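A look at the structure
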Amino acid sequence: MDKNALQPGSTIGIIGGGQLGRMLAMAAARLGYKTVILEPQTDCPAAQTANSQIIAAYDDAEALAKLASACDVITYEFENVPVHAADSLAQTALVLPPPAALEISQDRFTEKQFLNESGIETAPWRLVDDEESLIAALGALGGRGILKTRRLGYDGKGQVRLDSLDEAQARSALEAINHAPAILEGLVAFEREVSVIAARDRIGNVAIFDIAENVHRDGILATSTVPATISAQTAQAARSAAEKLLHALDYVGVLGLEFFVLEDGTLLANEFAPRVHNSGHWTEAACAISQFEQHIRAVAGLPLGNTNRHSDCIMQNLIGDDVKSVPAILSEPDAVLQLYGKKEARPGRKMGHVTRIRPRSPHQA
């Protein structure tokens, strides 16, 4: 435990007002902390559970000064917080996770480079600045790959698949991403996707949740199943990579690290998120300590909680009109529901999630 751990009644600032901020505020309240949200949208999901909201842009200087003066520590719920705003805050306030983690994660080039330099293998990739470099990258990666914008892509946005060295297709792909700076990532024959939710506290202790197996549809996470269908050796490799990344970043808080699992059990890191992660929502229902409480514990200087899982489970995102199934979900005896307080269901919009638990298999390690 950090000697400067926050006492109950202290205030935690959260940049971002989405569902992750909402659930962080709920976890903070359980531990006796107050929360202040910085978010330009009124009546955002997080404002419904926080103590107060500063309604302003994330990089508004006056709002940042107000947030710094009101809070004992400041965290964030999404990785596209302007880095200059986080750096500015860090001059007068404690910002965790450190802004450097934000900066690395916001650019797929710096992210891949950092992962590789930290000894964490990824799919092969090349930097793309124009049509000439895209054609060269395709040639180096076997004529196929996924063109991804370096910045701001999420939930499948900012990505185009290419299957040949055709120049017309390359031009079309670049036009589809508005000629934004990009990388080309080589295609890999993976069997499944998994993720690790891991935490590091202020003094360097690490705690890691069990590995989740993820299924995406249209680029959006659909389900996370625990335990994942992987060997003990692959699970340990994922945990080791996550711990290595946490220390390399001098990280404080919860982090999500996603992997592709190849046929032989080898792991290739896809990306990391310096925040609580959608594929860790199952921890609310299947663990005594959720990823949200774990994050609050870490940034507040408290001891990390036990990550043991008492149940097997499947977490399902409720996307768009899936929310209409809520009455049926509420009739299920082993379903744990979390709605995000969003007024309008739209295609591709995450409205909530449900975790269906079942007894843990006695044969698991």
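Here the structure is a predicted model, which is why all the values come from computation and not from measurement.

1. What about the packing of helix H6 (residues 131-140) against helix H7 (residues 167-176)?
- For the pair H6 and H7, interaxial distance at closest approach is 10 Å and the crossing angle is 120 degrees. One finds that H6 runs oblique with respect to H7. Between H6 and H7 the crossing geometry is right-handed. When H6 is examined against H7, the residues Glu131, Leu134 and Ile135 are found in contact with a partner set consisting of Glu167, Ala170, Arg171 and Leu174.

2. A closer look at the packing of helix H1 (residues 19-30) against helix H10 (residues 291-300)
- One can describe the packing of H1 onto H10 by two numbers: an axis separation of 8 Å at closest approach and a directional angle of 65 degrees. Taken together, H1 and H10 sit at an angle that is classed as roughly perpendicular. Relative to H10, H1 is oriented so that their crossing is right-handed. Contacts from Leu20, Met23, Leu24, Ala27, Ala28 and Arg30 of H1 reach H10 at Phe292, Glu293, His295 and Ile296.

3. Re the packing of aromatic side chains
- A complete count under the given rule lists four aromatic pairs for this structure.
- Consider the rings of tyrosine 58 and phenylalanine 78, whose centres lie 5.1 Å apart with planes at 55 degrees: the pair is tilted. Taken together, the residues span a long stretch of sequence, with tyrosine 58 in the loop between strand S3 (52-54) and helix H2 (61-70) and phenylalanine 78 in the loop between strand S4 (73-76) and helix H3 (83-90) at a distance of 20 residues. Each member of the pair, tyrosine 58 together with phenylalanine 78, is buried.

4. Brief notes about the nonpolar core
- Ranked by internal contacts, the top residues of the largest apolar core, which has 48 residues, are Ile15, Leu67, Leu245, Leu249, Leu257 and Phe259.
- The greatest single-element share of this core, amounting to six residues, is contributed by helix H8 (residues 232-248).
- Mapped onto the domain boundaries, this core takes at least three residues apiece from domain 1 (11-95) and domain 3 (190-359).
- Beyond its immediate stretch of four places on either side in the chain, isoleucine 15 contacts Leu38, Tyr58, Leu67, Ile74, Thr75, Tyr76, Glu77, Phe78, Val81 and Leu89.
- Among the nonpolar cores identified, the runner-up in size contains 40 residues, and Met23, Ala207, Trp282 and Met315 belong to it.

5. Looking at the pattern of salt bridges
- Tallying each qualifying case throughout the model produces 19 salt bridges.
- One network of salt bridges, with partners in common, ties together Arg30, Glu293 and Arg297.

6. Describing the pairing of strand S7 (residues 159-162)
- Side chains Val160 and Leu162 project from S7 onto a buried face, and the interleaved Gln159 and Arg161 project onto a face without burial.
- In terms of strand pairing, strand S6 (residues 145-149) meets S7 through four bridges, oriented antiparallel. Looking at S7, one finds that lysine 148 is bridged to glutamine 159.

7. Comments concerning the domain arrangement of the chain
- Domain assignment breaks the chain into domain 1 (11-95), domain 2 (124-186) and domain 3 (190-359).
- Centre-to-centre, using C-alpha coordinates, domain 1 lies 35 Å away from domain 2.

8. Re unusual backbone geometry
- Residues leucine 96 and proline 97 are joined by a peptide bond in cis, for which omega reads 0 degrees.
- Within the secondary structure, proline 97 sits in the loop between H3 and helix H4 (99-105).
- Positive phi is not limited to glycine here, since asparagine 178 has a value of about 60 degrees.

9. Here's the deal with the pairing of strand S15 (residues 311-319)
- Extensive coverage of S15 is indicated by the burial of seven of its nine residues.
- Relative to S15, strand S12 (residues 220-226) runs antiparallel, the two being bridged by four bridges. Bridged to threonine 223 within S15 is glutamine 316.
- Bridging between S15 and strand S17 (residues 350-359) involves nine bridges; their strand directions are antiparallel.

10. A closer look at the sheet that holds strand S2 (residues 34-38)
- One open sheet accounts for four strands, arranged S3-S2-S1-S4; its pairing is parallel. Looking at which strands have only one partner, the edges of the open sheet turn out to be S3 and S4. Strand-to-strand twist in this sheet, taken as the mean axis angle between neighbours without regard to direction, amounts to 25 degrees.
- The strands touched by H1 within the sheet are strand S1 (11-15) and S2, with S1 carrying the most contacts at an inclination of about 170 degrees.
- The strands that H2 touches are S1, S2, S3 and S4; relative to S2, the one it contacts most, it runs at about 170 degrees.

11. So, the sheet that holds strand S8 (residues 182-185)
- Strand order in the open sheet made by the four strands is S5-S8-S6-S7, with antiparallel pairing throughout. Of all the strands in the sheet, the pair left with one neighbour each is strand S5 (125-128) and S7. For this sheet, the mean inter-axis angle between neighbouring strands, taken without regard to orientation, is 25 degrees.
- Sheet strands touched by helix H5 (residues 108-117): S5, S6, S7 and S8. Its angle to S5, the strand with the most contacts, is close to 150 degrees.
- Contacts between H7 and the sheet are confined to S5, S6 and S7, with S7 contributing the most and set at about 170 degrees to the helix.

12. Considering the environment of glutamine 19
- Mapping glutamine 19 onto the fold places it in helix H1.
- Residues glutamine 19 and lysine 350, 331 residues apart in the sequence, show an inter-C-alpha distance of 8.8 Å.
- With residues near it in sequence (within four places) discarded, glutamine 19 still touches Pro45, Glu77, Tyr340, Lys342 and Lys350.

Cut-off values and rules
Residues numbered from 1 in each chain as written. Predicted model: local features only at pLDDT ≥ 70, side-chain atom pairs only at ≥ 80, totals over all residues. Heavy atoms only, no water. Axes fitted to C-alpha atoms, helices over the stretch in contact; angles between N-to-C directions. Helix = DSSP H or I, 4+ residues; strand = E, 2+ residues; numbered from the N terminus. Parallel < 35°, antiparallel > 145°, perpendicular 65-115°, else oblique. Left-handed = near helix turned anticlockwise from the far one by under 90°. Contact = heavy atoms within 4.5 Å. Phe/Tyr/Trp six-rings, centres within 6.5 Å; stacked < 30°, edge-to-face > 60°. Buried < 20%, exposed > 50% of the residue type's maximum accessible area, 1.4 Å probe, protein only. Core = buried A, V, L, I, M, F, W, Y, C linked by side-chain atoms within 4.5 Å. Domains from an automatic or database assignment. Salt bridge = Lys/Arg side-chain N within 4 Å of Asp/Glu carboxyl O. Pairing = 2+ DSSP bridges.

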